[in-house]
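Commentary on secondary and tertiary structure
Listed below are the residues making up each chain.
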Number of protein chains: 2
Amino acid sequence: MFDPVEKLKEFIRHPSVSADSAFADGMKGAQSFVSELLQSIGFEVEVVQTDLHPIILASRGTDPSWPHVIIYGHYDVQPADPLNLWESEAFEPEQRGDRLYGRGTADNKGPLMTHIAAVGKLLEAEPDLPLRITFMIEGEEEMGSPSFPKFLEQYSERLKQADLVFLSDTGIPSEDQVVITCGLRGLVLFDIEVTTAKSDLHSGLHGGVLRNPIQALTEVCASLHGPDGRVNVPGFYDDVLDVEPWEKDELVKYGTDTEAYRKFLGIPAFYTAEGFTPFEAVRFMPTLDFNGIGGGYQGEGSKTVIPSKAMAKVSCRLVANQDPKKIRQLVYAAIRERAPKDVTLRLIDQHEGTPYVVVPPDRSNTPADQSPVLADAFRAADTAIADVFGKPPLYLREGGSVPIIADIKRVLGLDSVMFGLFLPEDNLHAPNESFHLGVMERGMKVSEQVLRKLAGR
Amino acid sequence: MFDPVEKLKEFIRHPSVSADSAFADGMKGAQSFVSELLQSIGFEVEVVQTDLHPIILASRGTDPSWPHVIIYGHYDVQPADPLNLWESEAFEPEQRGDRLYGRGTADNKGPLMTHIAAVGKLLEAEPDLPLRITFMIEGEEEMGSPSFPKFLEQYSERLKQADLVFLSDTGIPSEDQVVITCGLRGLVLFDIEVTTAKSDLHSGLHGGVLRNPIQALTEVCASLHGPDGRVNVPGFYDDVLDVEPWEKDELVKYGTDTEAYRKFLGIPAFYTAEGFTPFEAVRFMPTLDFNGIGGGYQGEGSKTVIPSKAMAKVSCRLVANQDPKKIRQLVYAAIRERAPKDVTLRLIDQHEGTPYVVVPPDRSNTPADQSPVLADAFRAADTAIADVFGKPPLYLREGGSVPIIADIKRVLGLDSVMFGLFLPEDNLHAPNESFHLGVMERGMKVSEQVLRKLAGR
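Source: prediction; values computed, not measured.

Further remarks concern the overall build of chain A. Of the regular secondary structure elements, chain A holds 14 helices and 18 strands. Radius of gyration (C-alpha) of chain A: 25 Å, near the 23 Å computed for a compact globule of 457 residues. Looking at chain A as a whole, 60% of its 457 residues are labelled buried. Long-range pairs, those at least 24 residues apart, make up 79% of the contacts in chain A with a sequence separation of at least 6. Accessible surface for chain A amounts to roughly 17,700 Å². Of this, 49% is attributable to carbon and sulfur atoms. Across chain A, the 45 positively charged side chains and the 67 negatively charged ones have centroids separated by 3 Å.

Take a look at the structure:
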């Protein structure tokens, strides 16, 4: 078996920045490196071309009676700049203490290597393991996975035969407290644009005669929340499910130090939906947030202009059971109804993503038809994590969005077991990214144990 | 007597752009040109230094029993760019038909020359004219007259002995319809800035937990108008006087073609205070307008950020009898009361200007203590304009603001007779500025006749 840390260092040395075409060689190098590594441990590797960066699809085991697990990961990384803030070279891994530093160590090369090494070790010990394993490793995750949904459609016949997806691309609060992420929020993004006159006008010569587009826009925007802070769009909350008591209990174990969180955000007070703690609100409630607003003169001093146009950028975060298309319609209908009729209103679609939720087995709201292999994977992970990390994992929904997890569910019908491995101090997407090698070692043991258990050994 | 058109051409050839230090020679040349011209017609000229461009103060007549008129003008001009849009050189005057083209021909060199030539001709005919005349000609009007209020204070003892100010720096609708501007709106400008968190935050990881500053800002902005479009600030309209019927009658003579105005603005419908036509609203009603708004991400596509800060730029236009300091206090108090208490709210003062109104004699609302010399000037202007232009002037308030007129009233206690001379097609502040030489000739006759009348001749 190869040395996982040495192999991870090799992986890091390929500067695979997907968003920057100057790194084409690094992308190709990283892809070849992973493909060859998977071949070396007995996988059949297919490199699936996309419009941009190929997806690696590697399989072992062909017996259709065996359980089948897909392991997801990505070989691309975020850009490393600002380079001057790095204490060691971004693409020359350096071990300091129990951490390995370098771009991509935690996101996602380290966690991906954890699973590859676990599989390698397991197959070395049990070459005939009755388990189908498919690695599905993309190269565009840091760009928003533009080629991924099409790939899923193209390979759906083959991939939907699997029982579940297993991955490590989420976080944990501390070295000894693992989290299995059981939900992600969805997204609906759009712009509101209001136009009045054909050009900017002098506010002295014409002020008092025509609608100001900023006034019209702020009135529309202000109408979208009630005085209690709730989103004031009829039907917006209709499909939100009650939170199960077990979910709130898990969250209490996660942490209750709202004061530390408040200080971290740098705000004088929280502003959450009634009846929800901040930790709950961010996970269990949908939002409508303004990401930007603009119009007229924004420079120093003043310019007495009535602008002809103003716009706002809006994002809704959705929770389990909400449908982005329906929410988009409801919000658009409310805006269209409330905007003055004598302005030109444009609602410009930006992207959207479906919320995702998976319920572990044996919970009050576990679906009756949950796949037994998925249930086994959760149980195996729970036991392995408790053994290896000393504490059972927490099962939490998160406030962020990872649209590919919902895409996998939508296209393939598969749920994901998201086994978190990176820590808050790992500096993802920032200078001096690192990965904790102790967590990696424990992660390998968990991954190996889960896969072994799925094989019935 | 000099040839007024030839002298005007000479004046235009001095490129006196006050805002651009590259034109220092042009400024100096224009100032010397005017000073020498006034000396040549018998004025004692004083060049008053300021922090930037000097003010020309020139007088004739010393008998304190004579009436005393101040003639205001400015020798600086707007920048001429974009130069490629000019059909002839901006600073080389060219006569085409009955118009003289060049930067400053209409604003304000032509109208100023009209008065200087009228005075020159009058004094040539009547060297002993019993009238004190003071020219007060500044060089910073196109920059907002920053040195002017201080100058007024410094020279107030001397200048407040005058009876009125006479000037031509306003517009008229057509060649044969003169307007005497009897009112200008005031101004209160400020920025609203709302800050929540200490830095921008990820809308997935933290959305639902804290106030969005754009939401808070739009709620505050939206609260500043009622559903009927009126400014929703207690006390905002308290000091607005009823419009006298004679003012509405004058405006009807000015024009009633609201449809042409609507098309000019390029709007589907007007949005005016109830009970006011658009032409009335812009002159007789105060406003609160948003000149700009900004915060968060304003580029292409989307960025799921909760910004830490958002701001709006606001201008109020005030009408006669409203006090900018009081209005500022009222609006600030409303904003402070309505803004959420858990945001950092900053209200940033920008400049302000007092509204101005002067009522001609013999009107329903003419002040009982109106200066007889001012009343004489109005009556003389009315007669002269009717004689020379074939129609009596209209007496109208305007929507714009010329803060120096209110400053003169405040510091010197003097009212102004604003005898308009430029036409909509004169292209002020734009390429191919021109001045109608027929209007100039008629203007000279009016000016001469008014001054002669004031001297009792």
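The next subject is the relation of the copies chain A and chain B. Of the transformation placing chain A onto chain B, the axial shift is 0.0 Å and the rotation is 180°, giving an RMSD of 0.1 Å. In short, the pair behaves as if placed about a two-fold rotation axis. Interface residue correspondence from chain A to chain B reaches 99%, placing this contact among same-surface, isologous pairings.

Read across the sheet, eight strands follow the order β14(A)-β9(A)-β13(A)-β11(A)-β11(B)-β13(B)-β9(B)-β14(B) without closing on themselves; strand pairing throughout is antiparallel. Because the sheet does not close on itself, it has two edges, and the strands there are β14 (344-353) of chain A together with β14 (344-353) of chain B. For this sheet, the mean angle separating the axes of adjacent strands, direction not counted, is 20°. As paired strands, strand β11 (residues 287-296) of chain A and strand β13 (residues 309-318) of chain A are joined by eight bridges and run antiparallel to one another. Looking at β13(A), one finds that A:Gly294 is bridged to A:Met311. Relative to the sheet, helix α7 (residues 213-222) of chain A contacts β9 (186-195), β11 and β13 of chain A together with β11 (287-296) of chain B, its axis offset from that of β13(A) by approximately 15°. Here helix α11 (residues 324-338) of chain B sits on the sheet in contact with β9 (186-195), β11, β13 (309-318) and β14 of chain B, set at roughly 165° to β14(B).

This brings us to the interface of chain A and chain B. Contacts between the two partners involve 71 residues from chain A and, on the opposite side, 70 residues from chain B. Both sides together, the interface formed by chain A and chain B hides about 5,500 Å², and carbon and sulfur atoms give 55% of it. Looking only at chain A, the three residues that lose the most surface to chain B are A:Val209, A:Tyr271 and A:Ile293, adding up to 13% of its buried area. Linking chain A with chain B are 39 residue pairs in polar contact (both at pLDDT 80 or more), by the criterion used here. Among the elements that make up the side of chain A that touches chain B, the one with the highest residue count is β11(A) (10 residues). Class assignment of the residues belonging to the side of chain A that touches chain B gives a composition of 30 nonpolar, 29 polar and 12 charged. When β11(A) meets β11(B), the two strands line up antiparallel, connected through five bridges.

What follows is about the environment of B:Asp257. On the secondary structure map, B:Asp257 appears in the loop between α8 (245-254) and α9 (258-265). Between the alpha carbons of B:Asp257 and B:Phe279 there is a distance of 9.4 Å; along the sequence they are 22 residues apart.

On to the domain arrangement of chain A, then. Residue and element names in this part refer to chain A. Along its sequence, chain A is organised into domain 1 (4-184 + 356-454) and domain 2 (186-240 + 286-353). Counting residues at the interface gives six residues for domain 1, matched by six residues for domain 2. Summed over the three residues of domain 1 that lose the most area to domain 2, namely Leu184, Arg397 and Ser401, the buried surface amounts to 60% of that side. For the pair domain 1 and domain 2, the interface holds zero salt bridges. Joining domain 1 to domain 2, the criterion identifies one residue pair in polar contact (both at pLDDT 80 or more).

Two numbers describe a pair of aromatic rings. These are the distance of the centres and the angle of the planes. Going through the model one piece at a time under the given rule, you end up with 26 aromatic pairs over all chains. Judged by centre distance (5.1 Å) and plane angle (25°), the rings of B:Phe11 and B:Phe33 are stacked. A residue pair is termed long-range when its members are at least 10 positions apart, and B:Phe11 in helix α1 (residues 4-12) and B:Phe33 in helix α2 (residues 24-40) qualify at 22 residues. In this structure an aromatic cluster arises from ring pairing among A:Tyr72, A:Phe148, A:Phe151 and A:Tyr155. In this arrangement the basic side chain of A:Arg363 is found over the ring face of A:Tyr395, its NZ or CZ atom lying 4.8 Å from the centre.

What counts and how
Residues numbered from 1 in each chain as written. Chains lettered and ligands numbered in written order. Predicted model: local features only at pLDDT ≥ 70, side-chain atom pairs only at ≥ 80, totals over all residues. Heavy atoms only, no water. Helix = DSSP H or I, 4+ residues; strand = E, 2+ residues; numbered from the N terminus. Rg over C-alpha atoms; globule rule 2.2 N^0.38 Å. Buried < 20%, exposed > 50% of the residue type's maximum accessible area, 1.4 Å probe, protein only. Contact = heavy atoms within 4.5 Å. Areas by Shrake-Rupley, 256 points an atom, 1.4 Å probe, with all protein chains shown as cover. Lys, Arg positive; Asp, Glu negative; His and termini not counted. Charge placed at Lys NZ, Arg CZ, Asp CG, Glu CD. Least-squares fit on C-alpha atoms with pLDDT ≥ 70 in both. Pairing = 2+ DSSP bridges. Axes fitted to C-alpha atoms, helices over the stretch in contact; angles between N-to-C directions. Buried area = accessible area lost by both parts, 1.4 Å probe. Polar contact = N/O pair within 3.5 Å; in protein donor to acceptor, adjacent residues only side chain to side chain. Nonpolar A, V, L, I, M, F, W, Y, C, P; charged D, E, K, R; others polar. Domains from an automatic or database assignment. Salt bridge = Lys/Arg side-chain N within 4 Å of Asp/Glu carboxyl O. Phe/Tyr/Trp six-rings, centres within 6.5 Å; stacked < 30°, edge-to-face > 60°. Lys NZ or Arg CZ within 6 Å of the ring centre and 35° of its normal.

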